[in-house]
Each structure stands twice: as structure tokens, then as C-alpha cells.
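# Coordinates in review
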Amino acid sequence: MSERPPLPTPTLVTDRLRLRPVDEDDADALVALMSDADVLRYWDEPPWADAGRAAGFVEQSRRRAEERSGARLIIDRRTDGAFLGWCSLNGWDPDVRSAGLTYVLTRPAWGRGYATEAAGALLGWAYDTLDLNRVQAEADTRNHASRRVLEKLGFVHEGTLREDCVVDGEVSDSWVFGLLRRDWRSA
């Protein structure tokens, strides 16, 4: 049995954004983003306390492509190249044709439609390239902004995972959202 080639991590361009592969030069921006307690207040792990985690993040991003399990992309603003965050397609399983969606944006990028634009570009690539049938996303039940992003993209709220996260001793619930291929095409 031959090995499957790596999944090429795309560069995607929208009206306002450029989504591109993660690289070592992103380390400082990633540390600033992922160590911001406000940004990660609804995340499923505590903020980074160690700047060395950026190297692991970059390596994990490369491994996803090599293992054909997904794509993680940096989100830059096209006009000035400013780092706005990252988005990711995780856990791609070609047998069941499913994957997960994740995104994290800097505080100055909130409320400007960047998350919807970036995730929409990634979803478009994923549905066109990976023969997906379903993408799942989860959001902390206190994160109403993320819920709005997912609903704008056509995701349907499918349920709630009760007390599924414990971060720094704080227990929280998560909403589960799903987006089927047929719903993506009709959106």
C-alpha cells in the first residue's frame, strides 16, 4: 500500500483577507494571541504561559498536512498584512467525510466579520477539495459571538455538551454545530 501524499495547505484570498500556511515567522504573533486571557476566555485550554509553545504549534500545523488530517491557516489582512489570527480544519476523516472547524482571532479583529470571511473561505476550499459531507464546530455556551459566526456560515445548532470543558477549574458547557455539504451549497 502506497503512502498518501501530504495534504497541500492552501493559500486562500478573500476580499479583505489572505489565509496562508503557518510558519516560524508567526511565532511572536501566535504567542501574543494565544497568551491573551480575554481571547481565550472561552477556549478549551488555558492561555499559553510559555512562548516555546509557538514552535510546537508551527510543527503541529505541518504535521496536519503530512498526516492528511487537516489544514491550519494564518489569517492576515490584505491591505497591510496585519496578523488577525488563525483558523483550522481539524480531524479530517476521509472514510466518514467529516472534519472540525476552529478559529481564534485577535481582539482588534473582533466584530468586523473577519471570522465569518476566513472560515467561509476555508470551508469553501474544504468542501471543494476534500469531498466532505459534514463539518462540526463547537463553541462555549457563553460565546454568543462565535455562535453568530457559525450561524452566518449555515451551521445548525445540534445540541449541547454539558460540562464538557474544565479549564483552570472552571466547568463549562459547549454547543455543537454541524454543517452538511447540501446546506453549504444552498447557503
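Before any of the text, the structure's been laid out above.
Before going into details, it helps to say that this report is about the structure given with it. (Residues numbered from 1 in each chain as written. Predicted model: local features only at pLDDT ≥ 70, side-chain atom pairs only at ≥ 80, totals over all residues. Heavy atoms only, no water.)

## With respect to the overall build of the protein chain
Keep this limit in mind: The way it works is that DSSP assigns letters per residue, a run of H or I at least four long becomes a helix, a run of E at least two long becomes a strand, and they are numbered from the N terminus. Values of the radius of gyration come from C-alpha atoms, whereas the globule rule sets the reference at 2.2 Å times the count of residues to the power 0.38. Relative accessibility thresholds used throughout: buried, under 20% of the residue-type maximum; exposed, over 50%; partly exposed, between the two (1.4 Å probe, protein chains only). Contacts: residue pairs with any heavy atoms within 4.5 Å of one another. The Shrake-Rupley method, run with a 1.4 Å probe, gives the accessible areas here. Residue values count only the displayed protein chains as cover.
When you go through the protein chain residue by residue, the secondary structure sums to five helices and eight strands. Element order for the protein chain, N to C, with α for helix and β for strand: β-β-α-α-β-β-β-α-β-α-β-β-α. Scaling as 2.2 N^0.38, a compact globule of 187 residues should have a C-alpha radius of gyration of about 16 Å, and the protein chain matches this with 16 Å. Each principal axis of the C-alpha atoms in the protein chain carries an extent, and together these give about 40 × 40 × 40 Å. Among the 187 residues that make up the protein chain, the fraction classed as buried is 46%. Restricting the contact set of the protein chain to residue pairs at least 6 apart, pairs at least 24 apart contribute 61%. Accessible surface for the protein chain amounts to roughly 9,800 Å². Of this, 46% is attributable to carbon and sulfur atoms.

## Observations concerning the sheet that holds strand β4 (residues 83-93)
Rules: In this description, strands pair whenever DSSP reports at least two bridges between them.
Taken in spatial order, the eight strands line up as β1-β2-β3-β4-β5-β6-β8-β7 in an open sheet, and their pairing is mixed. Of all strands in the sheet, those with a lone pairing partner are β1 (12-13) and β7 (156-167), marking the two edges.

## Brief notes about the pairing of strand β3 (residues 71-77)
Most of β3 is tucked away, with six of its seven residues classed as buried. Here five bridges tie strand β2 (residues 17-21) to β3, and the two strands are oriented antiparallel to one another. Residue pairing in the sheet places Arg18 in a bridge with Asp76 of β3. Where β3 and β4 come together, six bridges link them in antiparallel fashion. When the bridges of β4 are listed, Leu73 appears paired with Cys87. Taking the residues that link successive antiparallel strands as the turn, the β3-β4 hairpin has five residues, and the phi of Gly81 there is positive, at about 75 degrees.

Geometric values such as these leave the question of function open.
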